[in-house]
Amino acid sequence: MPQVYDVLVIGGGPGGYTAALYAARANLSVMVLEKLTPGGQMGTTDVIDNYPGFPEGVGGFELALQMQKGAQRFGAQTQLSEVISVELGGTVKQVRTQDGTYQARTVVLASGAHPRELGLSGEQELRGRGVSYCATCDGMFYRGKTVAVVGGGNTAVSDVLYLSRLCQKVYLIHRRDQLRASKVYLDPLQQAENVEFVWDSQVQKLLYGDMLTGVQVRHKKTGELREIPCDGLFVAVGHVPNTELYQGQVELDQAGYVLADETTQTNLPGVFAVGDLRKKPLRQVITAASDGAVAAHFIEEYVSTTLQG
Ligand code: NAP
């Protein structure tokens with residue numbers, strides 16, 4: 001008979017590993033299924049300054065490994081395998097991966113979100129040939145070169161700051177004349193001498209041969225077209241939740257985010273949602289971790305009352 005875990009966590013980011021830590025520490029059997037490496041989006045973040053306890057900041061991947069170790073210390077296991085399908089109804093949930101099927105009494109959906117694409121012609125083909133969605137992963141390939149970042153949120157500005165330390169020149173292309181990003185980034189951004197702001201502009205065409213050679217932007221107020229030669233384009237225009245697998249089973253909002261209440265419980269008994277895939281007002285490492293702790297608390301309650309009561 002295959003093992004039926006108390007808790008199966010889909011996704012090894014801060015939400016997933018905090019749920020795993022709390023649940024394992026409460027003596028529940030826990031398996032974390034992670035597609036690639038621990039950390040999720042946090043794992044590709046250069047420095048995290050706003051997670052308490054690290055006065056000098058902490059590397060995203062380093063923090064991810066520490067979170068994984070913390071959960072392991074209490075017995076949570078990790079399997080690196082991609083989830084292919086889920087059956088979340090009933091008292092025993094089934095989660096099918098590339099390497100086999102896992103069963104559990106409760107499931108924590110913690111699969112996060114992925115970067116939104118611009119939807120431009122050539123964008124897919126140019127991945128790895130000039131178009132990137134992760135500055136900390138790919139920035140080093142553009143050392144000494146000219147790059148552009150598109151977007152106006154926290155991801156875009158932290159990418160610009162990171163790239164300004166590596167690249168000769170960085171353009172920040174934003175569709176409005178005001179950034180959405182936190183004020184904390186604004187001073188260092190103004191001080192970075194190799195950053196040029198391209199306001200009120202939308203990238204409307206990628207210019208390329210074998211590789212990206214530049215972008216064409218359109219000024220939204222004047223309609224003026226401008227070509228910006230660059231070796232790399234970093235797209236940072238928000239995220240899309242990784243919830244396709246749950247469609248038709250778990251209740252989602254129009255944008256695809258999982259609807260869960262304060263307890264992180266979804267519409268399905270025994271299924272909890274934590275981190276960036278959940279509809280919520282603030283998506284940060286600490287709010288994902290907080291969700292994980294809350295989920296584990298209600299999982300404990302669910303397991304003891306519903307299943308053993
Ligand atoms: P975001 O805050 O949703 O910002 C997305 C940006 O892209 C916005 O400026 C938006 O413009 C622009 N945009 C959206 N669609 C576009 C399109 N089709 N073409 C051009 N521009 C487009 O997303 P994010 O920066 O990825 O951040 C996601 C979450 O992670 C946020 O909660 C953020 O606070 C968090 N985060 C936090 C940190 C940190 O605290 N250090 C770092 C990274 C991310 P408008 O402004 O005009 O809407």
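Residues numbered from 1 in each chain as written. Predicted model: local features only at pLDDT ≥ 70, side-chain atom pairs only at ≥ 80, totals over all residues. Heavy atoms only, no water.

Rules: UniProt positions are given in the numbering used here, feature names are shortened, and annotations may be inferred rather than shown by experiment.
If you look the protein chain up in an unreviewed UniProt entry, it shows as Thioredoxin reductase from Candidatus Acutalibacter pullicola. On record in UniProt, under Catalytic activity (unreviewed entry), the comment for the protein chain is "[thioredoxin]-dithiol + NADP(+) = [thioredoxin]-disulfide + NADPH + H(+)". Taken from UniProt, the Sequence similarities (unreviewed entry) comment for the protein chain reads in full: "Belongs to the class-II pyridine nucleotide-disulfide oxidoreductase family."

### Some thoughts on the sheet that holds strand 14 (residues 201-208)
Under the convention used in this document: A strand pair is defined by DSSP finding two or more bridges across the two strands. Secondary structure counts use DSSP, requiring at least four H or I residues in a row for a helix and at least two E residues in a row for a strand, with both numbered from the N terminus. Helix axes use the C-alpha atoms of the stretch in contact, all axes being lines fitted to C-alpha atoms, and the angles between their N-to-C directions lie in the range 0 to 180 degrees.
Taken in spatial order, the 3 strands line up as 14-15-16 in an open sheet, and their pairing is antiparallel. On the outer flanks of this sheet lie strand 14 and strand 16 (225-229), each paired with one strand and no other. Strand-to-strand twist of the sheet, defined as the mean angle between neighbouring strand axes without regard to direction, takes the value 25°.

### Section: a positive patch on the surface
Under the convention used in this document: For patches, a residue must show more than 30% relative accessible area and have no salt bridge; joins then use 9 Å for like charges and 5 Å for nonpolar side chains, namely Val, Leu, Ile, Met, Phe, Trp and Tyr. Areas reported as accessible are Shrake-Rupley estimates using a 1.4 Å probe. Residue values count occlusion only from the protein chains shown. For salt bridges, the criterion is a side-chain nitrogen of Lys or Arg within 4 Å of an Asp or Glu carboxyl oxygen. Counting rule applied: Lys, Arg positive; Asp, Glu negative; His and chain ends not counted. Charge coordinates come from a single atom per side chain, which is NZ of Lys, CZ of Arg, CG of Asp or CD of Glu.
A cluster of basic residues, Arg-116, Arg-175, Arg-176, Arg-180, Arg-218 and Lys-220, forms a positive patch on the protein surface. Mapping Arg-176 onto the fold places it in the loop between strand 12 (169-173) and helix 5 (186-191).

### Here we look at the pairing of strand 1 (residues 4-10)
Where we set the bar: Relative accessibility decides the category of a residue: with a 1.4 Å probe and only protein chains considered, values under 20% of the type maximum give buried, values over 50% give exposed, and everything between is partly exposed.
For strand 1, a buried count of 6 out of 7 residues is recorded, marking the element as mostly surrounded by other parts of the structure. Looking at chain direction, strand 1 and strand 8 (residues 100-109) are connected through 6 bridges and run parallel. Bridged to Tyr-5 within strand 8 is Ala-104. Bridge count for strand 1 against strand 2 (residues 30-34) is 4 bridges, and the pairing is parallel.

### A look at the site of the ligand
Note the threshold: Definition of nearness: a residue and a molecule or strand are near each other if at least one heavy atom of the residue lies within 4 Å of the molecule or strand. Distance and chemistry together define a polar contact, namely a pair of N or O atoms within 3.5 Å, with one atom able to donate a hydrogen and the other to accept it when in protein, and with adjacent residues in sequence counting only for side-chain atoms on both sides. In the scheme used here, Gly and all other residues not listed as nonpolar or charged are polar, with Ala, Val, Leu, Ile, Met, Phe, Trp, Tyr, Cys and Pro taken as nonpolar and Asp, Glu, Lys and Arg as charged.
Around the ligand lies a shell of 19 residues, among which Thr-155, Arg-176, Arg-180, Tyr-185 and His-239 are the nearest. In this structure, an oxygen atom belonging to the ligand sits 3.1 Å away from a side-chain N or O atom of Asn-50. One of the side-chain N or O atoms of Arg-180 is found 2.6 Å from an oxygen atom in the ligand. The protein chains hide 76% of the 910 Å² of surface that the ligand would expose on its own. Of the residues in the shell around the ligand, the class split is 4 nonpolar, 11 polar and 4 charged.

### Some thoughts on the packing of helix 1 (residues 14-25) against helix 2 (residues 60-73)
Which entries qualify depends on this criterion: Relative orientations are named as follows: roughly parallel for angles under 35 degrees, roughly antiparallel for angles over 145 degrees, roughly perpendicular for angles from 65 to 115 degrees, and oblique for any other angle. Left-handed describes a crossing whose near helix is turned anticlockwise from the far helix through less than a right angle; right-handed describes the clockwise counterpart. Residues count as neighbours in contact if any of their non-hydrogen atoms are within 4.5 Å of one another.
It is at 8 Å that the axes of helix 1 and helix 2 come closest, and there the two elements cross at 20°. It follows that helix 1 is roughly parallel to helix 2 by the angle criterion. Crossing hand, helix 1 versus helix 2: left-handed. Contacts from Pro-14, Tyr-17, Ala-20, Leu-21 and Ala-24 in helix 1 reach Met-67, Gln-68, Gly-70 and Ala-71 in helix 2. When the residues that make up the contact of helix 1 with helix 2 are grouped by side-chain class, the tally is 7 nonpolar, 2 polar and no charged.

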